[in-house]
Amino acid sequence: MKISKEQVSESNKSGVQNHNENFDFLSNKLTNQGHDVNAIVSKLATFQVAIPSWALGAGGTRFGRFSFYGEPSSLEQKIEDIGIIHGLTQTAGAVSLHIPWDIPSDYNAIKEKADALDIKFDAVNSNTFQDQEDASESYKYGSLSNTSKAVRDQAIQHNLDVIKIGDKLGSKALAVWLADGSCFPGQNNFQTAFQNTQDSLVEIYKGLPDDWKMLVEYKPYEPNFYSTVIQDWGASLMLANGCGDKAYTLVDLGHHLPNSNIEQIVSILQLKGKLGGFHFNDSKYGDDDLTVGSIKPYALFLIFNELVYGMQNNPQNPDLAWMIDASHNVKDPLEDLIQSLEAIQEAYAKAMLIDQNALKAAQLDNDVVKCQEILQGAYRTDVRPLLEKARLNSGGALSPIQSYRSLDVRGGLIKERGKHTIATGL
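Treat the numbers as computed from the prediction; the structure is a model and nothing was measured.

Peer 1: Can you lay out the nonpolar core for me, pointing to particular residues and giving the numbers?
Peer 2: Counting 108 residues, the largest nonpolar core has Phe 280, Phe 304 and Leu 386 as the members making the most contacts within it. Ranked by the residues each element gives to this core, the list is headed by helix H11 (residues 333-352), at 11 residues. Not counting the four nearest positions on each side in its chain, Phe 280 is found in contact with Val 49, Leu 253, Val 292, Leu 300, Phe 304, Trp 322, Met 323, Ile 324, Asp 325, Ala 326 and Ile 344. Ala 123, Ala 173, Leu 215 and Ala 321 belong to the second largest nonpolar core, which has 7 residues in total.

Peer 1: Summarise helix H7 (residues 190-206); cite the residues concerned and give the values.
Peer 2: Counted at 1.5 Å a residue, the expected span for H7 with its 17 residues is 24 Å, and the 25 Å between its end C-alpha atoms agrees. Those residues of H7 not exposed but buried are Ala 193, Asn 196, Thr 197, Gln 198, Ser 200, Leu 201, Ile 204 and Tyr 205. The secondary structure elements touched by the buried residues of H7 are helix H6 (149-169), strand E6 (173-176), strand E8 (213-217), helix H8 (233-243) and strand E10 (247-252).

Peer 1: Give me the lowdown on the packing of H7 against H8, citing residues and values where you can.
Peer 2: Here H7 crosses H8 at 45°, and the two axes come no closer than 9 Å. The orientation of H7 relative to H8 falls into the category oblique. H8 is crossed by H7, and the crossing has right-handed handedness. On the side of H7, the interface is formed by Phe 194, Thr 197, Gln 198, Leu 201, Val 202 and Tyr 205, while H8 contributes Ala 235, Met 238, Leu 239, Gly 242 and Cys 243.

Peer 1: A description of the layout of surface pockets should follow, citing residues and the corresponding values.
Peer 2: Looking at the second largest pocket, its volume works out to about 720 Å³. Along the wall of the second largest pocket there are 30 residues; nearest its centre are Met 311, Asp 319, Leu 320, Ala 321 and Trp 322. Among the elements of the structure, helix H3 (37-46), strand E4 (120-121), helix H10 (297-313), strand E12 (321-324) and H11 are those that each provide at least two residues to the lining of the second largest pocket. Among the elements that line the lining of the second largest pocket, the one with the most residues is H10, at 4 residues. Classifying every residue of the lining of the second largest pocket by side-chain character gives 16 nonpolar, 8 polar and 6 charged.

Cut-off values and rules
Residues numbered from 1 in each chain as written. Predicted model: local features only at pLDDT ≥ 70, side-chain atom pairs only at ≥ 80, totals over all residues. Heavy atoms only, no water. Core = buried A, V, L, I, M, F, W, Y, C linked by side-chain atoms within 4.5 Å. Buried < 20%, exposed > 50% of the residue type's maximum accessible area, 1.4 Å probe, protein only. Helix = DSSP H or I, 4+ residues; strand = E, 2+ residues; numbered from the N terminus. Contact = heavy atoms within 4.5 Å. Expected span 1.5 Å × (residues − 1). Axes fitted to C-alpha atoms, helices over the stretch in contact; angles between N-to-C directions. Parallel < 35°, antiparallel > 145°, perpendicular 65-115°, else oblique. Left-handed = near helix turned anticlockwise from the far one by under 90°. 1 Å grid on protein atoms, 1.4 Å probe; cavity = no way out; pocket = protein on both sides within 12 Å on 5 of 7 lines; lining within 4 Å. Points joined across faces, edges and corners; volume = space filled by probe spheres on them. Nonpolar A, V, L, I, M, F, W, Y, C, P; charged D, E, K, R; others polar.

Structure (structure tokens):
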């Protein structure tokens, strides 16, 4: 299934006049405040977030999984679904594959399909957190950190194989997330587990092409609840530094203990030139993987304030790999991803409205009240007309959710694929 530009244009007709009125009002207001509205809209239009191949089907927990039917049962269909999202939002121009869930059977055909939908291949993700049917060794007690050299060698080789797969598709980064850790005190020697992980990552790093990056993700708990080998940004940074200049830390919004100051983490990593990637989601208690911006939209805005500042002031930090990493257990997966993209763009737009010069002056004067007023003034601005304009200029939908429903996309997918297809991944 593919949504044509004509269908999108037709769905926009009823809302164009209202959009123009709202945009003109906001544009005049922002221009009078000294903002370059066209530049903001242009940046929104070029800001692309990768969709993970594992998120196109229904999410689930250890207790259950409830489908919305019409799920993509192949990598080709997953890319088609991302094409639908991108066609509506013009913001989802990349796919992030998870291996071995989504190994192409025909690389040329996959690349041709992606090219036809204007989709690039972002970071590839390795999976050593679960055993595969044909594996000779088990990851029950860890992978890159395992006490067994045979297990570590298998996990290293898997990552090297993932690099080769990504290289064939045009990817430029490997993302490594480990479930390695321990459930009980005394189960692991912390130093041995960490050193084994470092040595394993170094071996993988040697297999990176010259123009690639390695992204080392961290998580404080789950599936192991006593210790996690790469438990925080400090551990990730140490491991990245131990590999070399092409290794960076990857920040996942949900991979922090409650009330962690994520914006401070992001800021320091950019200052040190070591923030390589960012995974978007939201949470209430822990790694809930909820729709971006659904629980803590102001926290997302504060994080984007630091991201925007870093992109403007930290040339030592590379361009970031952006990706959504969420589990939409009771939502249509495509609608959930569309909502997440909207929240990301909204936080980005609001962060670009912050007068950084005025904020810097207030900080130097220790004017705490003024600092808060500057931040909250930008946050309280309704920037949705800017997002609409960016989509409209790029051929997207004024209201992606409304168009998705009016075009009955889910109904079309069910008709095309049937009810009971199941996607790999979540």
